[in-house]
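# A structural walkthrough
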Amino acid sequence: MKEQIAGDEFFPEDVTANTATGFYCVGPHRDLFPDQADINRVETLTDYTDTVGSVFLGLTVGCARCHDHKFDPIPQKDYYRLQAVFAPLVKTKVALNRLSSLGWDVDENIREIRLREIGEEIGALQKRCRAKLYDDKMARLSAEVRAAIRASDNNKTPRQRELASEYAAAVRVSDDEVRACFTADEAAQMRRVEKSLAAMFANYRAKPFACGATDAGDFAPKTFVPARGLRAAEPVEPGFLSALGGGGIDERSFERKATGPIPLFPTTGRRHALGAWLTRPDHPLTARVFVNRVWQYHFGRGLVHTASDYGRRGASPSHPELLNWLAAEFVSQGWSVKKLHREILLSAAYRRAAGTTKESKDRDPENVYLARFTRRRLQAEELRDAILAVTGNLNLKMGGKPVVPPLGKEELFGLIGPPDKAWIVTYDRGEYTRRSIYMMQKRTFRMPMLEAFDAPEPMLTCPRRDASTTAPQSLTLLNGSFLREHAQALADQLAQTSNPVDEAWRKILGRAPAPEENRDAAALLSAQEKNLGSRPKAIAELVRALLNTNEFLYVD
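Residues numbered from 1 in each chain as written. Predicted model: local features only at pLDDT ≥ 70, side-chain atom pairs only at ≥ 80, totals over all residues. Heavy atoms only, no water.

## Some thoughts on the nonpolar core
- Counting 50 residues, the largest nonpolar core has Ile5, Tyr24, Leu59, Phe86 and Leu274 as the members making the most contacts within it.
- Contributing elements (two or more residues each) for this core: helix 1 (2-10), helix 3 (37-57), helix 4 (76-84), helix 11 (270-278), helix 12 (286-299), helix 13 (320-332) and helix 14 (337-345).
- It is helix 12 that contributes the most residues to this core, 6 residues altogether.
- Of all hydrophobic cores here, the second largest spans 47 residues; its members include Leu383, Met439, Leu483 and Ala487. (Core = buried A, V, L, I, M, F, W, Y, C linked by side-chain atoms within 4.5 Å. Buried < 20%, exposed > 50% of the residue type's maximum accessible area, 1.4 Å probe, protein only. Helix = DSSP H or I, 4+ residues; strand = E, 2+ residues; numbered from the N terminus.)

Put into C-alpha coordinates, the structure is as follows:
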(Lines give C-alpha, C1' and ligand atoms only; values in the text may rest on other atoms or scores of the structure.)
Protein backbone atom coordinates (compact mmCIF):
# COMPACT_ATOMS: atom_id res chain seq x y z
CA MET A 1 0.00 0.00 0.00
CA LYS A 2 2.84 2.37 0.83
CA GLU A 3 4.48 1.50 -2.48
CA GLN A 4 1.32 2.21 -4.45
CA ILE A 5 0.60 5.50 -2.71
CA ALA A 6 4.19 6.77 -2.50
CA GLY A 7 6.78 4.17 -3.44
CA ASP A 8 8.99 6.93 -4.85
CA GLU A 9 9.02 8.66 -1.47
CA PHE A 10 9.15 5.70 0.93
CA PHE A 11 11.70 3.68 -1.09
CA PRO A 12 13.14 6.10 -3.67
CA GLU A 13 15.98 3.81 -4.81
CA ASP A 14 13.88 0.64 -5.05
CA VAL A 15 12.79 0.06 -8.66
CA THR A 16 9.96 -2.30 -7.66
CA ALA A 17 8.53 0.20 -5.19
CA ASN A 18 8.70 2.98 -7.76
CA THR A 19 6.97 0.75 -10.32
CA ALA A 20 4.08 0.29 -7.86
CA THR A 21 3.19 3.96 -8.34
CA GLY A 22 1.87 2.80 -11.72
CA PHE A 23 -1.33 2.64 -9.63
CA TYR A 24 -1.81 6.25 -10.73
CA CYS A 25 -1.46 5.35 -14.42
CA VAL A 26 -4.30 2.84 -14.67
CA GLY A 27 -7.14 5.35 -14.46
CA PRO A 28 -8.91 6.92 -17.43
CA HIS A 29 -6.34 8.21 -19.93
CA ARG A 30 -7.26 11.84 -20.57
CA ASP A 31 -3.93 12.94 -22.02
CA LEU A 32 -5.31 12.37 -25.53
CA PHE A 33 -7.10 15.72 -25.32
CA PRO A 34 -4.32 18.28 -24.78
CA ASP A 35 -6.60 21.18 -25.67
CA GLN A 36 -8.52 20.39 -22.47
CA ALA A 37 -5.49 20.22 -20.20
CA ASP A 38 -7.13 22.14 -17.35
CA ILE A 39 -10.22 19.90 -17.37
CA ASN A 40 -8.05 16.79 -17.70
CA ARG A 41 -6.03 17.79 -14.64
CA VAL A 42 -9.11 18.38 -12.50
CA GLU A 43 -10.67 15.06 -13.54
CA THR A 44 -7.39 13.20 -12.94
CA LEU A 45 -7.04 14.60 -9.41
CA THR A 46 -10.68 13.74 -8.78
CA ASP A 47 -10.05 10.17 -9.91
CA TYR A 48 -7.05 9.85 -7.55
CA THR A 49 -9.02 11.21 -4.59
CA ASP A 50 -12.18 9.18 -5.16
CA THR A 51 -10.27 5.94 -5.80
CA VAL A 52 -8.03 6.25 -2.74
CA GLY A 53 -11.09 7.06 -0.63
CA SER A 54 -13.15 4.08 -1.79
CA VAL A 55 -10.34 1.50 -2.16
CA PHE A 56 -8.26 2.13 0.96
CA LEU A 57 -10.71 3.88 3.29
CA GLY A 58 -13.95 2.24 2.17
CA LEU A 59 -15.69 5.62 2.09
CA THR A 60 -17.63 7.42 -0.61
CA VAL A 61 -15.53 10.57 -0.30
CA GLY A 62 -16.37 11.46 -3.91
CA CYS A 63 -19.83 12.50 -2.70
CA ALA A 64 -18.18 15.49 -1.00
CA ARG A 65 -16.68 16.88 -4.20
CA CYS A 66 -19.47 19.38 -4.84
CA HIS A 67 -20.94 19.78 -1.33
CA ASP A 68 -20.68 18.41 2.18
CA HIS A 69 -21.43 14.68 2.23
CA LYS A 70 -25.16 14.17 2.74
CA PHE A 71 -24.82 11.16 5.05
CA ASP A 72 -21.25 10.82 6.34
CA PRO A 73 -19.23 13.42 8.33
CA ILE A 74 -17.06 14.41 5.37
CA PRO A 75 -17.20 18.16 4.68
CA GLN A 76 -16.33 19.45 1.23
CA LYS A 77 -13.24 21.10 2.67
CA ASP A 78 -11.92 17.69 3.77
CA TYR A 79 -12.36 16.40 0.22
CA TYR A 80 -10.11 19.11 -1.19
CA ARG A 81 -7.59 18.73 1.66
CA LEU A 82 -7.24 15.09 0.57
CA GLN A 83 -7.09 16.11 -3.10
CA ALA A 84 -4.30 18.57 -2.28
CA VAL A 85 -2.12 15.56 -1.41
CA PHE A 86 -2.04 14.70 -5.12
CA ALA A 87 -1.74 18.25 -6.47
CA PRO A 88 2.04 18.06 -7.22
CA LEU A 89 1.82 14.56 -8.74
CA VAL A 90 2.96 13.97 -12.33
CA LYS A 91 3.31 10.74 -14.32
CA THR A 92 6.84 9.68 -15.12
CA LYS A 93 8.96 6.83 -16.49
CA VAL A 94 10.53 4.38 -14.03
CA ALA A 95 13.79 2.93 -15.35
CA LEU A 96 13.57 -0.83 -14.78
CA ASN A 97 17.31 -1.20 -15.36
CA ARG A 98 19.42 1.89 -14.99
CA LEU A 99 22.21 0.76 -17.32
CA SER A 100 20.01 -0.48 -20.19
CA SER A 101 17.76 2.55 -19.92
CA LEU A 102 20.64 5.01 -20.35
CA GLY A 103 21.17 4.19 -24.03
CA TRP A 104 17.57 3.38 -24.91
CA ASP A 105 16.45 6.87 -25.85
CA VAL A 106 19.54 7.39 -28.04
CA ASP A 107 18.95 4.09 -29.84
CA GLU A 108 15.27 4.91 -30.24
CA ASN A 109 16.04 8.29 -31.80
CA ILE A 110 18.48 6.70 -34.25
CA ARG A 111 15.90 4.06 -35.14
CA GLU A 112 13.20 6.68 -35.69
CA ILE A 113 15.43 8.71 -38.03
CA ARG A 114 16.25 5.58 -39.98
CA LEU A 115 12.56 4.60 -40.16
CA ARG A 116 11.71 7.98 -41.68
CA GLU A 117 14.36 7.45 -44.33
CA ILE A 118 13.08 3.94 -45.08
CA GLY A 119 9.51 5.26 -45.23
CA GLU A 120 10.51 7.84 -47.81
CA GLU A 121 12.37 5.20 -49.80
CA ILE A 122 9.39 2.84 -49.80
CA GLY A 123 7.04 5.68 -50.77
CA ALA A 124 9.27 6.58 -53.73
CA LEU A 125 9.45 2.94 -54.82
CA GLN A 126 5.67 2.47 -54.68
CA LYS A 127 4.72 5.85 -56.14
CA ARG A 128 4.63 4.81 -59.80
CA CYS A 129 2.63 1.62 -59.25
CA ARG A 130 0.20 3.17 -56.78
CA ALA A 131 -0.57 6.04 -59.13
CA LYS A 132 -1.03 3.71 -62.12
CA LEU A 133 -3.26 1.25 -60.26
CA TYR A 134 -5.31 4.06 -58.73
CA ASP A 135 -5.85 5.70 -62.13
CA ASP A 136 -6.86 2.35 -63.65
CA LYS A 137 -9.44 1.76 -60.92
CA MET A 138 -10.77 5.31 -61.17
CA ALA A 139 -11.17 4.94 -64.95
CA ARG A 140 -13.66 2.10 -64.40
CA LEU A 141 -15.98 4.34 -62.36
CA SER A 142 -18.55 6.82 -63.60
CA ALA A 143 -17.74 10.50 -63.86
CA GLU A 144 -20.10 11.27 -60.96
CA VAL A 145 -18.29 8.83 -58.66
CA ARG A 146 -14.85 10.10 -59.71
CA ALA A 147 -15.92 13.67 -58.97
CA ALA A 148 -17.26 12.63 -55.54
CA ILE A 149 -14.01 10.89 -54.58
CA ARG A 150 -11.80 13.74 -55.78
CA ALA A 151 -13.83 16.50 -54.10
CA SER A 152 -12.34 17.81 -50.87
CA ASP A 153 -14.12 16.81 -47.68
CA ASN A 154 -15.12 20.38 -46.93
CA ASN A 155 -16.83 20.80 -50.30
CA LYS A 156 -18.54 17.41 -50.67
CA THR A 157 -22.31 17.41 -50.99
CA PRO A 158 -24.29 14.82 -49.01
CA ARG A 159 -24.66 12.75 -52.20
CA GLN A 160 -20.91 12.94 -52.86
CA ARG A 161 -20.15 11.83 -49.30
CA GLU A 162 -22.39 8.83 -49.79
CA LEU A 163 -20.74 7.91 -53.10
CA ALA A 164 -17.22 8.43 -51.76
CA SER A 165 -17.92 6.13 -48.82
CA GLU A 166 -19.59 3.49 -51.04
CA TYR A 167 -16.75 3.31 -53.58
CA ALA A 168 -13.76 3.89 -51.26
CA ALA A 169 -12.88 0.19 -51.30
CA ALA A 170 -13.16 0.03 -55.10
CA VAL A 171 -10.23 2.44 -55.57
CA ARG A 172 -8.13 1.24 -52.66
CA VAL A 173 -4.75 -0.14 -53.83
CA SER A 174 -3.46 -3.08 -51.78
CA ASP A 175 0.18 -3.85 -51.05
CA ASP A 176 -0.10 -7.13 -52.96
CA GLU A 177 -1.29 -5.27 -56.05
CA VAL A 178 1.65 -2.88 -55.80
CA ARG A 179 4.11 -5.76 -55.54
CA ALA A 180 2.61 -7.45 -58.60
CA CYS A 181 3.14 -4.20 -60.52
CA PHE A 182 6.84 -3.84 -59.65
CA THR A 183 9.52 -4.19 -62.31
CA ALA A 184 12.38 -6.60 -61.57
CA ASP A 185 14.62 -3.71 -60.45
CA GLU A 186 11.91 -2.25 -58.19
CA ALA A 187 11.25 -5.66 -56.63
CA ALA A 188 14.95 -6.19 -55.95
CA GLN A 189 15.23 -2.74 -54.37
CA MET A 190 12.18 -3.44 -52.18
CA ARG A 191 13.74 -6.71 -50.96
CA ARG A 192 16.88 -4.80 -49.99
CA VAL A 193 14.82 -2.27 -48.02
CA GLU A 194 12.89 -5.04 -46.28
CA LYS A 195 16.12 -6.75 -45.21
CA SER A 196 17.36 -3.49 -43.78
CA LEU A 197 14.06 -3.00 -41.93
CA ALA A 198 14.07 -6.55 -40.55
CA ALA A 199 17.66 -6.14 -39.31
CA MET A 200 16.68 -3.02 -37.38
CA PHE A 201 14.09 -4.96 -35.35
CA ALA A 202 15.97 -8.21 -34.77
CA ASN A 203 15.78 -8.99 -31.02
CA TYR A 204 13.66 -5.89 -30.46
CA ARG A 205 12.50 -5.70 -26.83
CA ALA A 206 10.06 -3.68 -24.81
CA LYS A 207 11.26 -0.36 -23.46
CA PRO A 208 13.10 -0.74 -20.12
CA PHE A 209 10.63 1.64 -18.48
CA ALA A 210 7.40 1.34 -16.55
CA CYS A 211 4.78 3.98 -15.96
CA GLY A 212 5.05 5.55 -12.52
CA ALA A 213 4.42 8.79 -10.70
CA THR A 214 6.29 11.31 -8.61
CA ASP A 215 6.04 14.94 -7.57
CA ALA A 216 7.06 17.67 -9.98
CA GLY A 217 9.31 19.06 -7.22
CA ASP A 218 9.19 20.13 -3.59
CA PHE A 219 6.42 22.60 -4.34
CA ALA A 220 2.76 22.23 -5.26
CA PRO A 221 0.08 24.31 -6.93
CA LYS A 222 -2.51 25.68 -4.56
CA THR A 223 -5.72 23.74 -4.03
CA PHE A 224 -9.05 25.51 -3.54
CA VAL A 225 -12.54 24.59 -2.46
CA PRO A 226 -14.36 25.80 -5.60
CA ALA A 227 -16.35 29.01 -5.53
CA ARG A 228 -20.09 28.54 -5.36
CA GLY A 229 -22.77 31.20 -5.51
CA LEU A 230 -21.60 34.13 -3.39
CA ARG A 231 -18.89 32.06 -1.74
CA ALA A 232 -15.36 32.76 -2.97
CA ALA A 233 -12.86 30.00 -3.67
CA GLU A 234 -11.16 29.01 -0.41
CA PRO A 235 -7.52 27.81 -0.36
CA VAL A 236 -6.85 24.63 1.63
CA GLU A 237 -3.74 22.86 2.82
CA PRO A 238 -3.20 19.09 2.38
CA GLY A 239 -4.56 16.94 5.15
CA PHE A 240 -6.74 14.01 6.14
CA LEU A 241 -10.40 13.45 6.93
CA SER A 242 -11.54 15.11 10.15
CA ALA A 243 -13.81 12.18 11.03
CA LEU A 244 -10.76 9.90 11.09
CA GLY A 245 -8.57 12.12 13.22
CA GLY A 246 -7.77 14.78 10.64
CA GLY A 247 -4.42 16.47 10.86
CA GLY A 248 -2.30 18.33 8.35
CA ILE A 249 1.03 17.62 6.68
CA ASP A 250 4.27 19.29 7.67
CA GLU A 251 6.12 19.32 4.35
CA ARG A 252 9.24 20.79 5.96
CA SER A 253 9.80 17.60 7.95
CA PHE A 254 10.18 15.42 4.84
CA GLU A 255 13.47 14.94 3.02
CA ARG A 256 14.72 12.10 0.84
CA LYS A 257 18.38 11.21 1.07
CA ALA A 258 20.23 9.19 -1.54
CA THR A 259 22.43 6.33 -0.36
CA GLY A 260 24.23 6.04 -3.71
CA PRO A 261 25.98 8.41 -6.10
CA ILE A 262 22.82 9.36 -8.01
CA PRO A 263 21.01 12.37 -6.50
CA LEU A 264 17.28 12.29 -5.81
CA PHE A 265 14.92 14.95 -7.06
CA PRO A 266 13.03 16.66 -4.23
CA THR A 267 9.35 15.93 -3.57
CA THR A 268 6.77 17.41 -1.22
CA GLY A 269 6.34 14.32 0.96
CA ARG A 270 2.56 14.70 0.87
CA ARG A 271 1.91 11.17 -0.37
CA HIS A 272 4.50 9.84 2.07
CA ALA A 273 2.42 11.35 4.86
CA LEU A 274 -0.77 9.87 3.38
CA GLY A 275 0.79 6.40 3.11
CA ALA A 276 2.08 6.59 6.69
CA TRP A 277 -1.34 7.73 7.95
CA LEU A 278 -3.21 4.97 6.08
CA THR A 279 -0.92 2.25 7.45
CA ARG A 280 -0.82 3.38 11.06
CA PRO A 281 -1.55 0.36 13.29
CA ASP A 282 -4.35 2.31 14.99
CA HIS A 283 -6.00 3.54 11.78
CA PRO A 284 -9.71 2.82 12.21
CA LEU A 285 -10.46 1.72 8.65
CA THR A 286 -7.53 0.59 6.50
CA ALA A 287 -6.95 -2.87 8.01
CA ARG A 288 -10.69 -3.52 8.36
CA VAL A 289 -11.33 -2.60 4.73
CA PHE A 290 -8.50 -4.84 3.54
CA VAL A 291 -9.41 -7.96 5.54
CA ASN A 292 -13.04 -7.53 4.54
CA ARG A 293 -12.07 -7.57 0.85
CA VAL A 294 -10.05 -10.77 1.37
CA TRP A 295 -12.98 -12.34 3.24
CA GLN A 296 -15.31 -11.32 0.41
CA TYR A 297 -12.98 -12.93 -2.12
CA HIS A 298 -13.16 -16.28 -0.33
CA PHE A 299 -16.82 -16.26 0.70
CA GLY A 300 -18.44 -14.19 -2.07
CA ARG A 301 -19.75 -11.73 0.50
CA GLY A 302 -17.82 -9.56 2.93
CA LEU A 303 -18.40 -9.28 6.66
CA VAL A 304 -19.38 -5.78 5.57
CA HIS A 305 -21.51 -6.38 2.50
CA THR A 306 -20.78 -2.92 1.04
CA ALA A 307 -17.02 -3.38 0.67
CA SER A 308 -16.35 0.20 -0.45
CA ASP A 309 -18.86 1.98 1.78
CA TYR A 310 -18.39 1.84 5.56
CA GLY A 311 -20.43 5.00 5.98
CA ARG A 312 -23.94 5.51 7.28
CA ARG A 313 -25.53 4.27 4.06
CA GLY A 314 -23.34 1.18 3.98
CA ALA A 315 -24.22 -2.18 5.53
CA SER A 316 -23.42 -2.90 9.17
CA PRO A 317 -20.89 -5.70 9.82
CA SER A 318 -22.54 -9.09 10.19
CA HIS A 319 -19.77 -10.15 12.60
CA PRO A 320 -18.22 -6.94 14.02
CA GLU A 321 -16.10 -8.76 16.62
CA LEU A 322 -14.67 -11.08 13.95
CA LEU A 323 -13.90 -8.14 11.66
CA ASN A 324 -12.12 -6.32 14.48
CA TRP A 325 -10.17 -9.42 15.49
CA LEU A 326 -9.07 -10.19 11.93
CA ALA A 327 -7.96 -6.58 11.44
CA ALA A 328 -6.01 -6.59 14.70
CA GLU A 329 -4.36 -9.93 13.84
CA PHE A 330 -3.54 -8.67 10.35
CA VAL A 331 -1.69 -5.66 11.78
CA SER A 332 0.02 -7.65 14.55
CA GLN A 333 1.27 -10.17 11.95
CA GLY A 334 3.06 -7.39 10.08
CA TRP A 335 0.27 -6.88 7.52
CA SER A 336 1.05 -10.32 6.07
CA VAL A 337 -1.51 -11.17 3.41
CA LYS A 338 -0.29 -14.77 3.27
CA LYS A 339 -0.97 -15.27 6.99
CA LEU A 340 -4.39 -13.65 6.61
CA HIS A 341 -5.31 -16.07 3.81
CA ARG A 342 -4.11 -19.01 5.92
CA GLU A 343 -6.16 -17.86 8.92
CA ILE A 344 -9.34 -17.68 6.84
CA LEU A 345 -8.81 -20.83 4.78
CA LEU A 346 -8.15 -22.97 7.88
CA SER A 347 -11.28 -21.70 9.64
CA ALA A 348 -14.28 -23.96 10.25
CA ALA A 349 -16.47 -21.42 8.45
CA TYR A 350 -14.51 -21.78 5.19
CA ARG A 351 -14.32 -25.58 5.41
CA ARG A 352 -18.08 -26.08 5.76
CA ALA A 353 -19.97 -27.75 2.92
CA ALA A 354 -22.63 -25.97 0.91
CA GLY A 355 -25.34 -28.41 1.97
CA THR A 356 -27.87 -27.20 4.52
CA THR A 357 -30.85 -28.19 6.59
CA LYS A 358 -34.35 -26.77 6.13
CA GLU A 359 -34.19 -25.17 9.57
CA SER A 360 -30.90 -23.44 8.77
CA LYS A 361 -32.18 -22.21 5.42
CA ASP A 362 -35.42 -20.90 6.97
CA ARG A 363 -33.61 -19.09 9.79
CA ASP A 364 -30.81 -17.63 7.63
CA PRO A 365 -31.75 -17.80 3.91
CA GLU A 366 -28.94 -15.43 2.88
CA ASN A 367 -26.39 -17.39 4.94
CA VAL A 368 -25.23 -14.22 6.64
CA TYR A 369 -24.19 -16.18 9.74
CA LEU A 370 -22.21 -18.80 7.79
CA ALA A 371 -23.86 -22.01 8.97
CA ARG A 372 -22.88 -23.40 5.55
CA PHE A 373 -20.65 -22.42 2.66
CA THR A 374 -22.37 -20.18 0.13
CA ARG A 375 -22.38 -21.84 -3.24
CA ARG A 376 -20.88 -19.58 -5.90
CA ARG A 377 -20.30 -19.70 -9.63
CA LEU A 378 -16.78 -19.50 -10.97
CA GLN A 379 -15.83 -15.94 -11.89
CA ALA A 380 -15.24 -15.15 -15.55
CA GLU A 381 -11.46 -15.57 -15.46
CA GLU A 382 -11.67 -18.66 -13.24
CA LEU A 383 -14.09 -20.28 -15.67
CA ARG A 384 -11.87 -19.66 -18.68
CA ASP A 385 -8.82 -20.98 -16.83
CA ALA A 386 -10.75 -24.02 -15.56
CA ILE A 387 -11.78 -24.95 -19.10
CA LEU A 388 -8.17 -24.68 -20.26
CA ALA A 389 -6.96 -26.70 -17.26
CA VAL A 390 -9.36 -29.65 -17.58
CA THR A 391 -8.80 -29.87 -21.34
CA GLY A 392 -5.05 -29.99 -20.77
CA ASN A 393 -4.32 -26.76 -22.62
CA LEU A 394 -3.51 -24.29 -19.83
CA ASN A 395 -0.15 -22.56 -20.31
CA LEU A 396 1.26 -21.91 -16.81
CA LYS A 397 4.00 -19.53 -17.94
CA MET A 398 4.32 -16.58 -15.57
CA GLY A 399 5.04 -12.92 -16.24
CA GLY A 400 5.66 -11.18 -19.53
CA LYS A 401 3.67 -8.83 -21.70
CA PRO A 402 -0.14 -8.95 -22.08
CA VAL A 403 -1.56 -11.54 -24.46
CA VAL A 404 -3.95 -10.55 -27.23
CA PRO A 405 -5.79 -13.69 -28.41
CA PRO A 406 -7.54 -13.91 -31.80
CA LEU A 407 -11.26 -13.13 -31.75
CA GLY A 408 -13.92 -13.61 -34.39
CA LYS A 409 -15.42 -10.71 -36.31
CA GLU A 410 -18.61 -10.82 -34.28
CA GLU A 411 -16.61 -10.94 -31.02
CA LEU A 412 -14.77 -7.76 -31.97
CA PHE A 413 -18.03 -5.86 -32.38
CA GLY A 414 -17.87 -2.73 -30.25
CA LEU A 415 -14.09 -2.40 -30.46
CA ILE A 416 -13.10 1.21 -31.05
CA GLY A 417 -10.88 1.56 -34.12
CA PRO A 418 -9.84 -0.89 -36.86
CA PRO A 419 -9.11 -4.36 -35.40
CA ASP A 420 -5.70 -4.55 -37.12
CA LYS A 421 -4.67 -1.48 -35.10
CA ALA A 422 -6.83 -1.70 -31.96
CA TRP A 423 -6.54 -5.48 -31.43
CA ILE A 424 -3.06 -6.57 -32.53
CA VAL A 425 -3.04 -10.33 -32.03
CA THR A 426 -0.01 -11.91 -30.32
CA TYR A 427 2.05 -13.77 -32.91
CA ASP A 428 2.93 -16.74 -30.65
CA ARG A 429 -0.06 -19.13 -30.64
CA GLY A 430 1.22 -20.81 -27.47
CA GLU A 431 0.42 -17.60 -25.58
CA TYR A 432 -3.31 -17.79 -26.33
CA THR A 433 -3.91 -20.39 -23.62
CA ARG A 434 -2.22 -18.55 -20.79
CA ARG A 435 -4.13 -17.68 -17.63
CA SER A 436 -6.75 -14.97 -17.98
CA ILE A 437 -4.81 -12.59 -15.73
CA TYR A 438 -2.35 -12.18 -18.63
CA MET A 439 -5.01 -11.36 -21.23
CA MET A 440 -5.03 -7.81 -22.59
CA GLN A 441 -7.56 -5.63 -20.77
CA LYS A 442 -8.74 -2.53 -22.61
CA ARG A 443 -10.78 0.07 -20.78
CA THR A 444 -13.21 0.38 -23.68
CA PHE A 445 -13.55 -3.30 -24.59
CA ARG A 446 -14.10 -6.55 -22.74
CA MET A 447 -13.47 -9.99 -24.20
CA PRO A 448 -17.00 -11.27 -24.98
CA MET A 449 -16.66 -14.54 -23.06
CA LEU A 450 -15.48 -12.74 -19.93
CA GLU A 451 -18.13 -10.05 -20.34
CA ALA A 452 -20.88 -12.69 -20.54
CA PHE A 453 -19.80 -14.03 -17.15
CA ASP A 454 -19.80 -10.65 -15.40
CA ALA A 455 -16.19 -9.52 -15.75
CA PRO A 456 -16.25 -5.98 -14.30
CA GLU A 457 -16.59 -2.84 -16.38
CA PRO A 458 -12.97 -1.63 -16.87
CA MET A 459 -13.89 2.04 -16.65
CA LEU A 460 -15.12 1.74 -13.06
CA THR A 461 -13.81 0.57 -9.71
CA CYS A 462 -15.50 -2.74 -8.86
CA PRO A 463 -15.94 -3.36 -5.10
CA ARG A 464 -17.91 -6.57 -5.66
CA ARG A 465 -18.67 -8.58 -8.78
CA ASP A 466 -22.17 -9.45 -9.86
CA ALA A 467 -23.16 -13.04 -10.56
CA SER A 468 -25.97 -12.92 -13.07
CA THR A 469 -27.70 -15.76 -14.91
CA THR A 470 -28.37 -14.86 -18.55
CA ALA A 471 -29.03 -16.57 -21.87
CA PRO A 472 -25.72 -15.41 -23.44
CA GLN A 473 -23.85 -17.42 -20.80
CA SER A 474 -25.42 -20.69 -21.96
CA LEU A 475 -24.97 -19.74 -25.60
CA THR A 476 -21.31 -18.93 -24.96
CA LEU A 477 -20.64 -22.26 -23.28
CA LEU A 478 -22.63 -24.30 -25.80
CA ASN A 479 -21.71 -22.63 -29.06
CA GLY A 480 -18.78 -20.29 -28.39
CA SER A 481 -15.70 -20.88 -30.53
CA PHE A 482 -13.42 -20.96 -27.44
CA LEU A 483 -15.27 -23.80 -25.76
CA ARG A 484 -15.85 -25.77 -28.96
CA GLU A 485 -12.16 -25.62 -29.82
CA HIS A 486 -10.97 -26.83 -26.43
CA ALA A 487 -13.73 -29.40 -26.03
CA GLN A 488 -12.60 -30.94 -29.31
CA ALA A 489 -8.97 -30.90 -28.15
CA LEU A 490 -9.90 -32.88 -25.04
CA ALA A 491 -12.14 -35.20 -27.08
CA ASP A 492 -9.23 -36.05 -29.36
CA GLN A 493 -7.26 -37.13 -26.29
CA LEU A 494 -10.16 -39.13 -24.82
CA ALA A 495 -10.73 -40.93 -28.11
CA GLN A 496 -7.36 -42.62 -27.61
CA THR A 497 -8.39 -44.10 -24.23
CA SER A 498 -10.21 -47.36 -23.55
CA ASN A 499 -13.01 -45.72 -21.51
CA PRO A 500 -13.58 -42.10 -22.62
CA VAL A 501 -16.64 -41.67 -20.37
CA ASP A 502 -14.74 -42.46 -17.16
CA GLU A 503 -11.82 -40.29 -18.28
CA ALA A 504 -14.12 -37.37 -19.15
CA TRP A 505 -15.75 -37.46 -15.71
CA ARG A 506 -12.39 -37.76 -13.98
CA LYS A 507 -10.80 -34.87 -15.87
CA ILE A 508 -13.75 -32.48 -15.78
CA LEU A 509 -15.64 -33.30 -12.56
CA GLY A 510 -12.90 -35.04 -10.60
CA ARG A 511 -14.91 -38.19 -9.90
CA ALA A 512 -16.20 -41.37 -11.54
CA PRO A 513 -19.61 -41.33 -13.23
CA ALA A 514 -22.60 -42.86 -11.43
CA PRO A 515 -24.18 -45.90 -13.12
CA GLU A 516 -27.07 -43.86 -14.54
CA GLU A 517 -24.63 -41.20 -15.79
CA ASN A 518 -22.56 -43.91 -17.46
CA ARG A 519 -25.65 -45.25 -19.17
CA ASP A 520 -26.82 -41.83 -20.39
CA ALA A 521 -23.32 -40.91 -21.61
CA ALA A 522 -23.04 -44.15 -23.59
CA ALA A 523 -26.41 -43.47 -25.23
CA LEU A 524 -25.35 -39.92 -26.10
CA LEU A 525 -22.08 -41.10 -27.65
CA SER A 526 -23.85 -43.73 -29.70
CA ALA A 527 -26.43 -41.28 -31.04
CA GLN A 528 -23.93 -38.50 -31.77
CA GLU A 529 -21.50 -40.86 -33.49
CA LYS A 530 -24.28 -41.77 -35.93
CA ASN A 531 -25.25 -38.12 -36.43
CA LEU A 532 -21.72 -36.76 -36.84
CA GLY A 533 -19.98 -39.77 -38.33
CA SER A 534 -16.97 -39.43 -36.05
CA ARG A 535 -16.11 -40.83 -32.62
CA PRO A 536 -13.97 -37.80 -31.55
CA LYS A 537 -16.75 -35.39 -32.57
CA ALA A 538 -19.26 -37.40 -30.57
CA ILE A 539 -16.98 -37.31 -27.52
CA ALA A 540 -16.62 -33.54 -27.99
CA GLU A 541 -20.42 -33.24 -27.56
CA LEU A 542 -20.15 -35.14 -24.27
CA VAL A 543 -17.30 -32.88 -23.14
CA ARG A 544 -19.32 -29.76 -23.97
CA ALA A 545 -22.25 -31.13 -21.98
CA LEU A 546 -20.07 -31.75 -18.92
CA LEU A 547 -18.49 -28.30 -19.15
CA ASN A 548 -22.01 -26.86 -18.96
CA THR A 549 -23.01 -28.69 -15.78
CA ASN A 550 -23.49 -26.81 -12.53
CA GLU A 551 -21.06 -29.24 -10.92
CA PHE A 552 -18.31 -27.79 -13.11
CA LEU A 553 -19.47 -24.18 -13.05
CA TYR A 554 -20.07 -23.82 -9.31
CA VAL A 555 -17.92 -24.10 -6.18
CA ASP A 556 -19.68 -25.97 -3.35
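Picking up where we left off.
## Side note on the environment of Pro456
- Its place among the elements puts Pro456 in the loop between helix 19 (448-452) and helix 20 (471-479).
- Owing to a relative accessible area of 27%, Pro456 belongs among the partly exposed residues under this scheme.
- The spacing of Pro456 and Lys397 is 59 residues in sequence and 25 Å in space, taken between C-alpha atoms.
- Excluding its chain neighbours within four sequence positions, the residues that come into contact with Pro456 are Arg446, Cys462 and Arg465. (Contact = heavy atoms within 4.5 Å.)

## A few points about helix 13
- In this model helix 13 runs 18 Å from its N-terminal to its C-terminal C-alpha over 13 residues, within 8% of the 18 Å that 1.5 Å per residue would give.
- The set of residues buried in helix 13 consists of Leu323, Leu326, Ala327, Phe330 and Val331. One side of helix 13 holds all its buried residues, which, seen down the axis, span an arc of 130°. Summarising the geometry of helix 13, the exposed residues directed more than 90 degrees from the buried face are Glu321 and Ser332.
- Packing partners of the buried residues in helix 13 comprise helix 12 and helix 14.
- Downstream of helix 13 by a residue or two, Gly334 has a phi angle that is positive, lying close to 75°. (Expected span 1.5 Å × (residues − 1). Arc of directions from axis to C-beta.)

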